[in-house]
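# Observations on the model geometry
Okay, here's what each chain looks like letter by letter:
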Amino acid sequence: MDFIDDFKAILLEHYKPAEVGTITDLVTVVLQHYDVQPKQTGLVVYEQSDVELVQKFFVAKVTQGLAERTLARYRECLKTVLPSMNKHIKDITTNDIRAHLVKMKLRGCSERTMNNDRLVLSSFFGFLLKEGEITTNPVARIAKIKEPKKLKKPLTELQLETLKLNAGIREKAIIEFLYSTGCRVAEMVGLDLSDVDLEKGEAVVFGKGKKYRTVFLTPKCVLYIKNYLSTRTDKEPPLFVGQLKPHGRLNISSVGALLRDLGRKCGIEKVHPHRFRRTCATMALHRGMPIDQVRLMLGHESIETTTIYAEESMDVVKQSHAKYM
């Protein structure tokens, strides 16, 4: 099978036969000026130097303090993508990266998934460039893939109260803590009782970038936590623990599961930990909290990240427009 036959077979998966005929005719005319040769498909065996480049990259990332979840995502991407290109790492070109992204698109991968691969590969080859291992970064000329904007709605006040009304003592404390502080779930489950000062209504969390910050509890949150702690018979240090012995620290997946179950019970879709963080930010902006203070509350490095929630608050602009115009 020659190039045109291969090309036609791929086109037929996405276009009507009549359109395929027109496209292949045009390509045939253009190819009169080029000599297209089949690519050598013999398996390229990784050299020790390729393995060492990958290892060198991960040693640097661990030293920088990347989270284990991020490192795992990097490992999975490089383990899958690099061998699929059937080239030694130093021979990979921009066209190879583009071809990989096109194949992802044809497989139906989302723009976000494609961008994640692009980001990992850019980080990897950017590191090799800085280390003098390669002379150009093959990802440098590949722009970020435009992702469709999806409006992720916060919970309404009615939904929030419905969840609390149907929650158990521990779950009610978790909901109010996530909502009132805007914490990430990883920050919440990492808290010990010693990190929380209920008299001051404060807690010190260990957040992204391995930084500590102080978050603040509403009076309602303080009461819910005190009520929850009064029911505990264990002496374990975590703020939130499992209900069964040995009462270990709640983890991210456990919190996600109990909130999803509660959401289904209440007939509310997409109840998950991050939605309470989004609700906290959106309601704070609705009520007039300056965006830079919201940034500090959420622990964002850049205010650009916080503006996502400001964009989600456009219904307030609509209300003001109706009031003043």
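That block above? That's the structure.
Computed from a predicted model, the values in this text were never measured in an experiment. (Residues numbered from 1 in each chain as written. Predicted model: local features only at pLDDT ≥ 70, side-chain atom pairs only at ≥ 80, totals over all residues. Heavy atoms only, no water.)

## As for the pattern of salt bridges
One side chain can pair with another of opposite charge once the charged atoms of both are near each other. So the rule is basically this: The rule for a salt bridge is simple: a side-chain nitrogen of Lys or Arg has to be within 4 Å of a carboxyl oxygen of Asp or Glu. Helix and strand assignments come from DSSP, with helices taken as H or I runs of at least 4 residues and strands as E runs of at least 2, each series counted from the N terminus. Exposed residues in this analysis have more than 50% of their type's maximum accessible area, buried residues have under 20%, and partly exposed residues fall in between, with area computed by a 1.4 Å probe over protein chains only.
Using the criterion set out here, one finds 19 salt bridges in the structure. Between Glu199 and Lys226 there is a salt bridge; the shortest N-O distance is 3.6 Å. In this pair, Glu199 sits in the loop between β1 (196-197) and β2 (202-207) while Lys226 sits in helix α10 (residues 219-231), placing the two residues 27 residues apart along the sequence. Residue Asp292 is joined to Arg295 by a salt bridge in which the shortest nitrogen-to-oxygen separation is 2.9 Å. With a gap of three residues between them, Asp292 and Arg295 both fall in helix α13 (residues 291-298), about one helical turn apart. Using a relative accessible area of 17% as the deciding quantity, one classes Arg295 as buried.

## Here's the deal with the nonpolar core
Put simply, the test is: By nonpolar core is meant a set of buried Ala, Val, Leu, Ile, Met, Phe, Trp, Tyr and Cys residues that side-chain atoms within 4.5 Å join together. Should any heavy atoms of two residues lie within 4.5 Å, those residues are considered in contact.
Counting residues in each nonpolar core, the largest one holds 46 residues, and the members touching the most others are Leu163, Phe177, Phe240 and Phe276. The set of elements that each furnish at least two residues to this core consists of α7 (157-165), α8 (169-181), α9 (185-189), β2, α10, α11 (252-266), α12 (273-286) and α13. Among residues more than four places away in sequence, those in contact with Phe177 are Gly182, Cys183, Met188, Leu191, Leu217, Cys221, Ile225, Leu239 and Phe240. Counting 28 residues, the second largest nonpolar core, distinct from the first, contains Val120, Leu121, Val139 and Ile142.

## Some details on the sheet that holds strand β3 (residues 211-216)
For clarity, the threshold we go by: Strands qualify as paired when DSSP identifies two bridges or more between them.
Across the sheet, three strands lie side by side as β1-β2-β3; this open sheet has antiparallel pairing. Only two strands of the sheet have a single neighbouring strand rather than two, namely β1 and β3. For β1 and β2, the ladder comprises two bridges, and the chain directions are antiparallel. Bridge assignment links Val196 to a residue of β2, and that residue is Ala203.

## Here's the deal with unusual backbone geometry
Residue Lys245 is joined to Pro246 through a cis peptide bond whose omega torsion reads 10°. Residue placement: Pro246 occurs in the loop between α10 and α11. Phi at Asn86 takes a positive value of approximately 55°, unusual for a residue other than glycine. With respect to the helices and strands, Asn86 occurs in the loop between α4 (68-84) and α5 (94-106). A positive phi angle, close to 55°, is found at His247, a residue other than glycine. Examined against the element boundaries, His247 turns out to sit in the loop between α10 and α11. Residue classification places His247 among the buried residues on the basis of a relative accessible area of 15%.

## Things to note about a nonpolar patch on the surface
Counted only if it meets this: Patch definition: residues above 30% relative accessible area lacking any salt bridge, with like charges linked at up to 9 Å and the nonpolar side chains Val, Leu, Ile, Met, Phe, Trp and Tyr linked at up to 5 Å. To measure how exposed things are, a 1.4 Å probe is used in the Shrake-Rupley method; for residues, cover is taken only from the protein chains shown.
A cluster of nonpolar side chains, Ile10, Val102 and Leu106, forms an exposed patch at the surface whose accessible area comes to about 260 Å². Residue placement: Val102 occurs in helix α5. On the basis of relative accessibility, which here comes to 49%, the residue Val102 falls in the partly exposed class.

## Focus on the packing of aromatic side chains
Rules: Note on ring pairs: Phe, Tyr and Trp rings are taken, using the six-membered ring of Trp, and paired if centres are within 6.5 Å. Classes follow the plane angle, with under 30 degrees stacked, over 60 edge-to-face and the rest tilted.
Inspection of the entire model under this criterion finds eight aromatic pairs. When the ring of Phe57 is compared with that of Phe124, the centres are 5.2 Å apart and the planes differ by 90°; the resulting orientation is edge-to-face. Pair noted here: Phe57 is in helix α3 (residues 48-64) and Phe124 is in helix α6 (residues 111-130), with a separation of 67 residues, a long-range link. The same class applies to Phe57 and to Phe124, which are both buried. Between Tyr228 and Phe240, the aromatic rings sit 5.5 Å apart at their centres with planes inclined by 25°, giving stacked as the arrangement. On the criterion of sequence distance, the pair formed by Tyr228 in helix α10 and Phe240 in the loop between α10 and α11 is long-range, its members being 12 residues apart. A relative accessible area of 4% places Tyr228 in the buried class. These aromatic residues form a ring-pair network of at least three members: Phe57, Phe58, Tyr74, Phe124, Phe125 and Phe127.

## A word on the state of the cysteines
To be explicit about the condition: In plain terms, two cysteine sulfur atoms within 2.5 Å form what is called a disulfide here.
Under the defined criterion, the tally for this structure stands at zero disulfides. Sulfur of Cys280: no disulfide; nearest cysteine sulfur belongs to Cys183 and is 8.7 Å away. Assessed through its relative accessible area of 6%, Cys280 is described here as buried.

## Considerations on the packing of α7 against α8
The cut-off we apply is this: Interaxial angle, 0 to 180 degrees, is taken between N-to-C directions of lines fitted to C-alpha atoms, where a helix line uses only the stretch in contact. Any angle that is under 35 degrees is reported as roughly parallel, and any over 145 degrees as roughly antiparallel; angles of 65 to 115 degrees are reported as roughly perpendicular and all others as oblique. In a left-handed crossing the near helix is turned counterclockwise from the far helix by less than a right angle, and in a right-handed crossing that turn is clockwise.
Between α7 and α8, whose axes approach to 9 Å, the crossing angle comes to 150°. Between α7 and α8, the interaxial angle falls into the category roughly antiparallel. Classified by chirality, the crossing of α8 by α7 is left-handed. For the pair α7 and α8, the contacting residues are Leu160, Leu163 and Lys164 in the first and Lys172, Ile175, Glu176 and Tyr179 in the second.

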